[in-house]
Amino acid sequence: MSRAALLPARKRSGDEERLSLLRASVREGAENRPGVYQMSGEDGAVLYVGKSKRLRTRLLGYFRCDPEEKGARILRETSRITWEYCPSEFAALLAELRHIRRMRPRFNVAMKRDLGRYAFIKVTRGPAPKLHVARGPARDAGALYYGPFTGAGRVREAVRALSNALGLRDCAEDVPIRWSDQQALFSLGQRTPGCIRYEIKRCLGPCVAGCSSREYEGRVALARAFLEGRSDGPIARFREEMEAARARAEFERAAALRDRVQRLTALRAELDRLRFALGSLSFLYPVPGHEGDDRVYLIRRGRVRAEAPAPRSEDDRRALDRLAAEVFGPAEPAAAPVPPGDLDEVLLLTSWFQRFPEELARTLPAPGVKG
């Protein structure tokens, strides 16, 4: 990977002189090949990170921006531009993502906006977790994320139905939690109907001592089992309760449970329809590179787990096979939650293969993927 840099431009004659020096350096030093670039201010802080498959053309384009355009606003604060070449546009895309993740430049909002069209079902942390729809690459390290999905409105409806069926709360994070098994330790006073969902029996009421912590945790476990596809958790639970109610001739209760089972069955079908099959984003992805710098990316469940030069000999091929066995060998649940730190990469790769579906035709099957 090559690297070129522009030294800080001295402001001897104001902004025009500074921009002229920057433009001349780009013309003299930059090549039209894939790469990633950084624009920094006088204090050395990185203002913006970008990528392009034609780096020189992209950088010179900044100097032709209208004064009110974003590119011109960035240049007004830029005293130094650095760049590095990458073997391909895909490699530049990954490099851009990793630089942004590490540096957090203040002008980089485009990626957040693009990735924000995807949604995740988030299981919050805390003593009484709840289900929440998160947009884009969230950063809550203690939460669990399932997805990605498109159609945030439909996802919200599905989450509401699942929360209602299991009695999970949807109130604000700062609402105090009071478990029923805490009454010996704390005086709760007279309970008041402060939550409509509790009063109509759509929430277990962890804020009004309506349930124990163990009971609520059991419902959260059912929600996770349902979202991960490990079992029909809540469907099976309520079907059993329905049959028991029928056996006791509690027909009203049985009818209510039957309706709940039907809603959850429909919800499972909706979630299956909305969910991207991350398992389908598990393969070897060979990418031709600049001047023969070809690479193979080992992608599993929407994340680049490793990369290697394209094999050119039998020894290279055996080395790639060993690497693939390390990446794809260990079992992983097909619908396991996505680690929060990897959300942006999952979204990026999902978007890449949606934009360029022909790239999927060049992928190779992952050897022996478990889960």
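Heads up: these notes are all about the structure in this document. Per chain, the residues get numbers from 1 upward, laid out in the order the sequence is written. Reporting of local features is limited, given that this is a predicted model, to residues whose pLDDT is at least 70; pairs of side-chain atoms are given and counted only at 80 or more, and all residues count toward the totals for whole chains, interfaces and linings. Values shown for side chains rest on all heavy atoms present in the structure; no hydrogens or waters enter the calculation.

A word on the sheet that holds strand β8 (residues 283-287)
Pairing between two strands is assigned when DSSP locates at least 2 bridges connecting them. Working definition: helices are DSSP H or I runs of at least four residues, strands are E runs of at least two. Numbering for both runs from the N terminus. Pairing is antiparallel across the open sheet formed by four strands, whose spatial order is β10-β9-β8-β11. Single-partner strands in this sheet number two, and they are β10 (303-309) and β11 (364-365). As judged from the two bridges shared by β8 and β11, these two strands associate in the antiparallel manner. Opposite L284, over in β11, you have L364 as the bridge partner. Contacts were defined at the residue level, with two residues in contact if any of their heavy atoms lie within 4.5 Å. Axis geometry follows a simple rule: fit a line to the C-alpha atoms, using only the stretch in contact for helices, then measure angles between N-to-C directions, giving values from 0 to 180 degrees. Along the sheet, helix α4 (residues 89-103) contacts β8, β9 (295-300) and β10; its crossing angle with β9, the most-contacted strand, is approximately 55°. Seen against the sheet, helix α12 (residues 343-355) touches β8, β9 and β10 and runs at an angle of roughly 70° to β10.

Regarding the pattern of salt bridges
Take a side-chain nitrogen of Lys or Arg and a carboxyl oxygen of Asp or Glu: if they are within 4 Å of each other, that pair is a salt bridge. Counted by the stated rule, this structure contains 20 salt bridges. Between R224 and E228 there is a salt bridge whose closest N-O contact spans 3.2 Å. Remark: E228 and R224 occur in helix α8 (residues 213-228); sequence separation between them is four residues, near one turn of the helix. Summary of the burial criterion: residues with accessible area below 20% of their type's maximum are buried, those above 50% are exposed, and those between are partly exposed, where the area comes from a 1.4 Å probe applied to protein chains only. Residue R224 is classed as partly exposed on the basis of its relative accessible area of 28%. Under the relative-accessibility criterion, E228 is labelled buried at 11%.

Overview of the side chain of T363
Note on placement: T363 falls in the loop between α12 and β11. What qualifies as a polar contact is a pair of N or O atoms within 3.5 Å, subject to a donor-acceptor requirement within protein and to the restriction that residues adjacent in sequence count only when both atoms come from side chains. Here the side chain of T363 touches L360 through a polar contact of 2.7 Å, landing on its backbone oxygen. What T363 contacts, discounting residues up to four positions off in sequence, is F283, L284, Y285 and P286.

With respect to the nonpolar core
Here, nonpolar core means buried Ala, Val, Leu, Ile, Met, Phe, Trp, Tyr and Cys residues that are tied together by side-chain atoms lying within 4.5 Å of each other. Core analysis: the largest hydrophobic core is formed by 35 residues, its most contacted members being I121, L162, Y216, L227 and L271. Within the residue set of this core, elements represented by two or more residues are β5 (119-123), β6 (131-135), β7 (144-149), α6 (152-166), α8, α9 (233-247) and α10 (251-274). Top element by residues in this core is α6. It accounts for seven residues. When near neighbours in sequence (up to four residues on either side) are disregarded, Y216 contacts A128, P129, K130, G167, L168, R169, W179, L204, P206 and C211. Listed in part, the 33 residues of the second largest apolar core include V46, F90, A95 and L348.

Topic: α12
When the terminal C-alpha atoms of α12 are compared, their 18 Å separation across 13 residues agrees well with the 18 Å that a helix rising 1.5 Å per residue should span. Buried residues dominate α12, accounting for 11 of its 13 residues. Residues of α12 that are buried: L343, D344, E345, V346, L347, L348, L349, T350, S351, W352 and F353. Helix span, as expected, comes to 1.5 Å for every residue beyond the first.

A few points about the environment of L298
Here L298 lies in strand β9. Judged by relative accessible area, L298 falls into the buried class, the value being 0%. For the pair L298 and L364, spaced 66 residues apart in sequence, the C-alpha separation works out to 9.8 Å. Once you skip the residues sitting within four places of it in the chain, L298 turns out to touch F283, L284, R303, V304, R305, A306, E307, L320, L323, A324, V327 and F328.

It is worth stressing that arrangement in space is one thing and function is another; only the former is reported here.
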